[in-house]
Structure formats: C-alpha cells, structure tokens
Amino acid sequence: MTSIVPPYRLGELLLNIGERGLTGRLVLQSDITERIIFFQNGFPVFAQSTQFDERLGAVAIRHGLLKRKDIAEALALSRKHGGKLGKALLELGCLDGSHLFTLLGTQLTERMAASCGSVHARARFQLENKALEGIIILRLHPMTAVLAAVRNMPPPERSKIFSGVGSRALRVDPVARLTRDWLQDLGIMGEVDSLFAGSLTVQALRSRLIVRLNPTVRPFFDPRNAPYAYLMGREEIELPTAQSVAEAITLSLLMAGSVKLIDSDQRRSTAVNISLPNTAADLEANLTRAATVPIGSLPEFKAIPADSNYDRAILYYLYGKRDQDMATRMAIWGPGVETEGGDNLDQLLTLYLTIKPDPDPRSILAVEKSDSIKDIKNTYRLYSEFLEAHLDMSNEPIVMCKVAELCKCIDQAASELIPESRLFLREESPSLLESKTFEERLIAVFPRTAREISDELESENKTEESRPGRTQEGTDDLESCTSAAPENQELCRERSDDYFSKVEELIQSGSWQPICDLLGPVAKREKLTPPLSLAYTIARRQLRLTKRERRSRFRNYTVLGLTLILGAAIGWIARLLGFTILLILAK
C-alpha cells in the first residue's frame, strides 16, 4: 500500500493497521527525513529514524539521563567492536538493563509522536515477518502515539484549537476496538458507546470525558511521573487538570479519526489554505479535511495466527490483561514504564538487550564453532536454566515475551552451531527444558516421517500377531528388559542407554551412515525396540534423501556444464561462419 499521509493524519493510518492486525513495516518519507515503523500484529513495536535528535544518545542527553562524555565513550567502544550503542552503554555500566529498556521505550514514543506531526509524508506499507527479526520488541498502543503528539503541542496552541472547533459537530463512526481498549486502559468510567451517543460537539465530548474520567488517572498525566522526567528543555512543567486531560484525550480521538468533524459551515474553505506547520490553525484545517479526504486504504489481511509458543507469548504481551495502574501509565507514557517494579527484570533485560540485536550465534552463546558439542550444550543449558528461573519468579507479560524471544535466539544459535541440534532443544517453548524421551525428541523433529513409520510398525505388529504359531523367539534383549530378572534389568538398562547415547551423538552431527552401520546388523539378526527402530528408519530415509540430493546436484551440474560447452561451441561456429562470409564478400 502506498499513499500520501497529510499532516496530523498518521494516527488514522496507525489505527487502521492496528484494527487489521498487520505485521510488517511502514516507511514514511518526507523531504527532510525518513522513518520506518515496525508492526507486530497491529502494534508499533520498533521505529528507526534518520533524524539526529531522535537517536538513542540524543534522547538520553535531552532527558538528562546521560552526559555527552558517556555517549562519546560508548560510541567509541561500539565503533571499536562493531556493536550497538545500547550494548556499549551496558558494558560501560552507564545503564542497567531496566533503564536501557525504558530509554528505548521513550525513544520509540518520541519517534512515533514526531511521525504524527505536521509534515506531509509518502507512506509505503510492506507486509513481511522477516523484518521483525533481530529488533527489540516493545509495546506501544497506536492511540498512545497520537496522545504523545498531542502532549508535545504547547498548551496555548491546544486552547486555540478548542476555541476554533469547540462548537463544531462530530460524526462518530463505530468505535474501533483499539480505541475502546485504550479508553478502558485510561480508566474512562461507564460504557464507551454511551460516551459518543446522541448529537455531539467537541465541547460536549470534552465535558463527558471530564465527568467520566477516573480521579486516579489525572496524576499519571503529570510529566514528573514519566519514565524520565524532562530535566532539560522545559522551563515550566504543566500540571494536569481535569480540563487539560480531557482536552488531550479529545484531540487524540480527533487525530486518530475515531471521531470526525462535520463540515456544517464554510470554515473549511478558508482553513484549508492555511499551511503553517505546528499551529492550531493547521491542525484544525487538517482535522476538517479528514472528513472528505480519506487516506489510501489498506489491503484486507487477517492477523497471523500464533502457531508457536513464541508467537503466543508475544500476543500475550501485546494483548494480555494488565494491572489497571500499569495499563493507565502505559496508555499515557508508552512502554517505558513496564520495567518499574518488575520482579528481578534487570538481569533478564540486560541479557535480552545484549543478545537480541546480535544475530551471530557465537556472540549469543559465547562459544566458537571449534568448541566441542559438549561445551555448546553446557552453555545452552546454563542460559536455559537462567531463563527458567525468571519464568518461575514472574508471570508478567513482558517477562514471558522476553523469555520466549531469548529462547528463540539461543535455539537458532545452537541450531547453527550443532547440526540437527533442534532434536535436543525446545521447540520454541517458553516452558524451557521440557524432559522428553529419545523417541519424543525424534518425533518432534521429524513429525511426518515419524508418523508414517509408526503407522508402518503398527501395521507390521498386527500382521505378526495374526500369524498362526507366532513365538517370542528372535526378540531383542533391549525390548525384553521389563520382563527380565531383577539382576539383569540394570545390565539391560545400560545397553539401552549406550545405544541411545551413541545414536543421539550421531544424529547430532548429521551422520546417517554410521547409524545404519550401527543398527543395521542388529536389525537383521533381531528385532529393535520401537525408539531405535524409528531412529534406524529415519536414518535410512535421510541417507536416501542425501544420496538423492547428491545425484540431483551432480545431474544439474552436468547439464549446466554441457550447456556451457555447447553454448561455447555454437558461439565459435557462429564466429567461424561469420568470418567465412566476410571473406567471401570481400572477394
């Protein structure tokens, strides 16, 4: 989808994307800057910008959190080792994990607020899941981004808007789901539908909001309750009143297109010509124009279903129920307030912010490819135990989401360092270190093959049971461990464990031929247990697939070589014929 976003109209597009639950990225280009907003199931989760004052160091300095000297040292360290600025700040001890996560949330909110500003932008939305790999996933409600843009306007400008549009009538479309949830997070009392019932003006909507506003909400609008209070750049801090809070919410609903002005007089024709940015008149003109000039429509796509535990954890983080105070603060200030009062979040977020932006598996697991498989598995187990401990201590949505993201990171890293390592890891599960038998791990990695083999084995067993005069002779000693004498059961168990450990090591290295060499003679003279039979059959099939791929690759290379030789021969023949024709014509 490509369109032009008029000034102050991005909120309507954000709400449109959120209602459809789209995943991808929105590229916003203007004459002076470019911003890219990443969406996960309709929520803005990350943003990039070419504006210098929106970079992480500039945001930290502007809020008085860090000094220029700290940023300079971190930048030097990040250039030296090729890492991110946030990782360098963690290594230097300038910030801990919770404070850096809060700073990133503040940066996202400011970038989104600037995107909702007054300049025209060319918008292009791209549906893609891979764009989200490696980014820091935060949770920012689309309406919160619009509210941040409104709160950045000077109070006199907001008063001018209400003096200009206060008597204008409103057209209320069906209340969007995201708008309804946001108002409930703010603590608006009563039914949301009744808030917009009947004929309504801008002033009437503000009056209804003042009455329905929960008294406990107003202190949350105080800038001193922000994740980082503005220590620089603000000479006077506006203390919230019921009227100023209701004005900010009303303007947010207007800018997001949840309610629209009805063009009942001739003000639109004169107001549209006003093009001074960042003024009340400019905002009034664009709010009036919103009733007649729609933004380009998005294609109809449904939200991507949560097929894995990783996706379910992120959905729980985006949509999960929260404590009312936390929900209110997040609806006002965005994701920067999540880490305050969390249970033991600092170490978890420090690890998350160190690992997530770095896709190199050696950096994630702090090992080298030359290290032994045992060392890699031990490192992986240490990470898993650390993450499991955080899950045991907290069931907060942010904890479950970050643990699931870290699980996916270390699983992918181990899968690259150890061939077929998924056989011994979780399947993107935040429950961590689930105890599985050898057969269950085989089925988890090769579900289709295992299902087919199990059906074949079951069919063979039924056929053998139906044969007349069938005896128990020729069965493998491993299978009869349960019925063996007590003094022999320990010996049987050792044999079974020895076979399983050898087969696991061979599968781990992707060595299918040695598995066939190990289990083939046993399978010929006696019957294997179901797990070993399953492993043997999978190894044979994988070996056949490998040989088939090699033959196919050899055939393709042969055809390619012959084609190149034939093409070269045809080229030389064509040149020779051309040269001969030139000689004949010359004579």
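The structure under discussion appears in the preceding block.
Residues numbered from 1 in each chain as written. Predicted model: local features only at pLDDT ≥ 70, side-chain atom pairs only at ≥ 80, totals over all residues. Heavy atoms only, no water.

Colleague: I would appreciate a short explanation of the overall build of the chain in the present structure.
Modeller: Across its full length, the chain holds 24 helices and seven strands. Buried positions account for 47% of the 587 residues belonging to the chain. Here the contacts in the chain between residues at least 6 apart in sequence split such that 74% fall between residues at least 24 apart. Of the roughly 30,100 Å² of accessible surface on the chain, a fraction of 53% belongs to carbon and sulfur atoms. (Helix = DSSP H or I, 4+ residues; strand = E, 2+ residues; numbered from the N terminus. Buried < 20%, exposed > 50% of the residue type's maximum accessible area, 1.4 Å probe, protein only. Contact = heavy atoms within 4.5 Å. Areas by Shrake-Rupley, 256 points an atom, 1.4 Å probe, with all protein chains shown as cover.)

Colleague: Sorry if this is basic, but what is going on with the environment of Pro 359 here?
Modeller: Mapped onto the elements, Pro 359 comes out in the loop between helix H16 (345–355) and helix H17 (361–365). With relative accessibility at 66%, the residue Pro 359 sits in the exposed group. With 54 residues separating them along the chain, Pro 359 and Ala 413 place their C-alpha atoms 8.0 Å apart.

Colleague: Would you mind going over the sheet that holds strand E2 (residues 24–29) with me for this structure?
Modeller: The strands making up a sheet are joined through hydrogen bonds of the backbone, oriented either antiparallel or parallel. Here five strands make up an open sheet; going across it, the order is E1-E5-E2-E3-E4 and the pairing antiparallel. Of all strands in the sheet, those with a lone pairing partner are strand E1 (2–5) and strand E4 (43–49), marking the two edges. Each adjacent strand pair in this sheet contributes to an overall mean axis angle of 25 degrees, direction not counted. Direction of pairing for E1 relative to strand E5 (residues 121–127): antiparallel, over a ladder of four bridges. From the neighbouring strand, Ile 4 faces E5, where its bridge partner is Arg 122. (Pairing = 2+ DSSP bridges. Axes fitted to C-alpha atoms, helices over the stretch in contact; angles between N-to-C directions.)

Colleague: What is the right way to read the side chain of Ser 252 from this model?
Modeller: Inspection of the secondary structure puts Ser 252 in helix H11 (residues 242–255). Residue classification places Ser 252 among the buried positions, given a relative accessible area of 0%. Here Ser 252 is in contact with Met 143, Val 146, Leu 147, Val 150 and Trp 182, once residues within four sequence places are set aside.

Colleague: Would you mind going over the environment of Val 59 with me for this structure?
Modeller: Inspection of the secondary structure puts Val 59 in helix H2 (residues 56–62). Using a relative accessible area of 1% as the deciding quantity, one classes Val 59 as buried. With 48 residues separating them in the primary sequence, Val 59 and Gln 107 have C-alpha atoms 6.5 Å apart. Once residues within four sequence positions are removed from consideration, Val 59 is found in contact with Asp 53, Glu 54, Leu 103, Thr 106, Gln 107 and Glu 110.

Colleague: How do you make sense of the pattern of salt bridges when you look at a structure like this?
Modeller: Counted by the stated rule, this structure contains 13 salt bridges. We note a salt bridge from Arg 25 to Glu 128, for which the minimum N-O separation is 3.0 Å. Of this pair, Arg 25 sits in strand E2 while Glu 128 sits in the loop between E5 and helix H6 (142–151), and the two are 103 residues apart along the sequence. Glu 405 is the partner of Lys 356 in a salt bridge, and the nearest nitrogen-oxygen pair spans 2.3 Å. (Salt bridge = Lys/Arg side-chain N within 4 Å of Asp/Glu carboxyl O.)

Colleague: Explanation requested: unusual backbone geometry in the structure shown.
Modeller: Residues apart from glycine generally show negative phi values, whereas peptide bonds are mostly found in trans. Even without glycine at this site, Asn 41 takes up a positive phi of about 50 degrees. Looking at the element boundaries, Asn 41 is found in the loop between strand E3 (34–40) and E4. With a phi close to 55 degrees, Ala 366 is a non-glycine residue in the positive phi region. By secondary structure assignment, the location of Ala 366 is in the loop between H17 and helix H18 (373–393).

Colleague: Honestly, the packing of aromatic side chains in this entry has me stumped. Any pointers?
Modeller: Two descriptors summarise a pair of aromatic rings, namely the distance from one centre to the other and the angle between the planes of the rings. Counted under the stated rule, the structure contains three aromatic pairs. Judged by centre distance (6.0 Å) and plane angle (50 degrees), the rings of Phe 38 and Phe 46 are tilted. For the pair formed by Phe 38 and Phe 46, the shared burial category is buried. Centre to centre, the rings of Phe 43 and Tyr 319 are 5.2 Å apart; their planes meet at 80 degrees, and the pair counts as edge-to-face. Of this pair, Phe 43 sits in strand E4 while Tyr 319 sits in helix H14 (residues 309–319), placing them 276 residues apart in sequence. Look at Tyr 319 and you get partly exposed, because its relative accessible area is 36%. Between the NZ or CZ atom of Lys 402 and the centre of the ring of Tyr 317, over which it lies, the distance is 4.9 Å. (Phe/Tyr/Trp six-rings, centres within 6.5 Å; stacked < 30°, edge-to-face > 60°. Lys NZ or Arg CZ within 6 Å of the ring centre and 35° of its normal.)

Colleague: What is the right way to read the packing of H6 against H11 from this model?
Modeller: Geometry of a packed helix pair, given as the angle between the helix axes and the separation of the axes. Contact geometry of H6 with H11 gives a least axis separation of 9 Å together with a crossing angle of 120 degrees. Considering the angle they form, H6 stands oblique to H11. H6 and H11 meet at a crossing whose hand is right-handed. Taking contact as the criterion, the partners of Met 143, Val 146, Leu 147, Ala 149 and Val 150 in H6 are, on H11, Ala 248, Leu 251, Ser 252, Leu 253 and Met 255. (Parallel < 35°, antiparallel > 145°, perpendicular 65-115°, else oblique. Left-handed = near helix turned anticlockwise from the far one by under 90°.)

Colleague: So what exactly am I meant to see when it comes to the nonpolar core here?
Modeller: One broad trend across soluble globular proteins is that nonpolar side chains are buried collectively. Ranked by internal contacts, the top residues of the largest apolar core, which has 135 residues, are Leu 26, Phe 196, Ile 249 and Leu 365. Ranked by residues supplied to this core, first place goes to helix H19 (residues 397–417) with 12 residues. Leave out the neighbours within four places in its chain, and Phe 196 touches Val 172, Val 175, Leu 183, Leu 205, Arg 208, Leu 253 and Val 259. Ranked by size, the runner-up nonpolar core spans 11 residues in total, among them Val 503, Ile 515, Leu 532 and Ala 539. (Core = buried A, V, L, I, M, F, W, Y, C linked by side-chain atoms within 4.5 Å.)

Colleague: Which parts of the structure should I look at to understand a positive patch on the surface?
Modeller: Among the surface-exposed residues, Arg 540, Arg 544, Lys 547, Arg 548, Arg 550, Arg 551, Arg 553 and Arg 555 lie close enough to one another that they form a single positively charged patch. Structurally, Arg 553 is set in helix H24 (residues 530–586). (Patch = residues over 30% accessible without salt bridge, like charges linked within 9 Å, V, L, I, M, F, W, Y side chains within 5 Å. Lys, Arg positive; Asp, Glu negative; His and termini not counted. Charge placed at Lys NZ, Arg CZ, Asp CG, Glu CD.)

Colleague: Can you walk me through the pairing of E5 in this structure?
Modeller: In this sheet, E5 lies alongside E2 in antiparallel orientation, the contact comprising six bridges. Residue pairing across strands places Leu 28 opposite Ala 123, the latter belonging to E5.

Colleague: Would you explain the packing of helix H3 (residues 68–81) against helix H4 (residues 85–92) in this entry?
Modeller: For the pair H3 and H4, interaxial distance at closest approach is 8 Å and the crossing angle is 110 degrees. One element, H3, and the other, H4, form an angle in the roughly perpendicular class. For the pair H3 and H4, the crossing hand works out as right-handed. Contacts from Asp 70, Ile 71, Glu 73, Ala 74, Leu 75, Leu 77 and Ser 78 of H3 reach H4 at Leu 85, Ala 88, Leu 89, Glu 91 and Leu 92. Across the contact of H3 with H4, the residue classes tally to eight nonpolar, one polar and three charged. (Nonpolar A, V, L, I, M, F, W, Y, C, P; charged D, E, K, R; others polar.)

Colleague: Looking at this structure, how should I read the state of the cysteines?
Modeller: A covalent bond between the sulfur atoms of two cysteines is referred to as a disulfide. By the definition in use, this model includes zero disulfides. Among the cysteines around Cys 407, which has no disulfide bond, Cys 409 carries the closest sulfur, lying 9.3 Å off. (Disulfide = S-S within 2.5 Å.)

Colleague: Please explain helix H15 (residues 324–333) as it appears in this structure.
Modeller: Given 3.6 residues to a turn, an α-helix orients residues that are three or four positions apart in the same direction. Burial analysis of H15 places seven of its 10 residues in the buried class, which makes it a mostly covered element. Every buried residue belonging to H15 is among Ala 327, Thr 328, Arg 329, Met 330, Ala 331, Ile 332 and Trp 333, and all of these are buried. On its buried face, H15 sits against helix H5 (97–115), H6 and helix H8 (177–185). For H15, the side-chain oxygen to backbone nitrogen distance between the N-cap and Asp 325 is 3.1 Å, and the N-cap itself is Asp 323. Following H15 by one or two positions, Gly 334 has its phi on the positive side, about 90 degrees. (Polar contact = N/O pair within 3.5 Å; in protein donor to acceptor, adjacent residues only side chain to side chain.)

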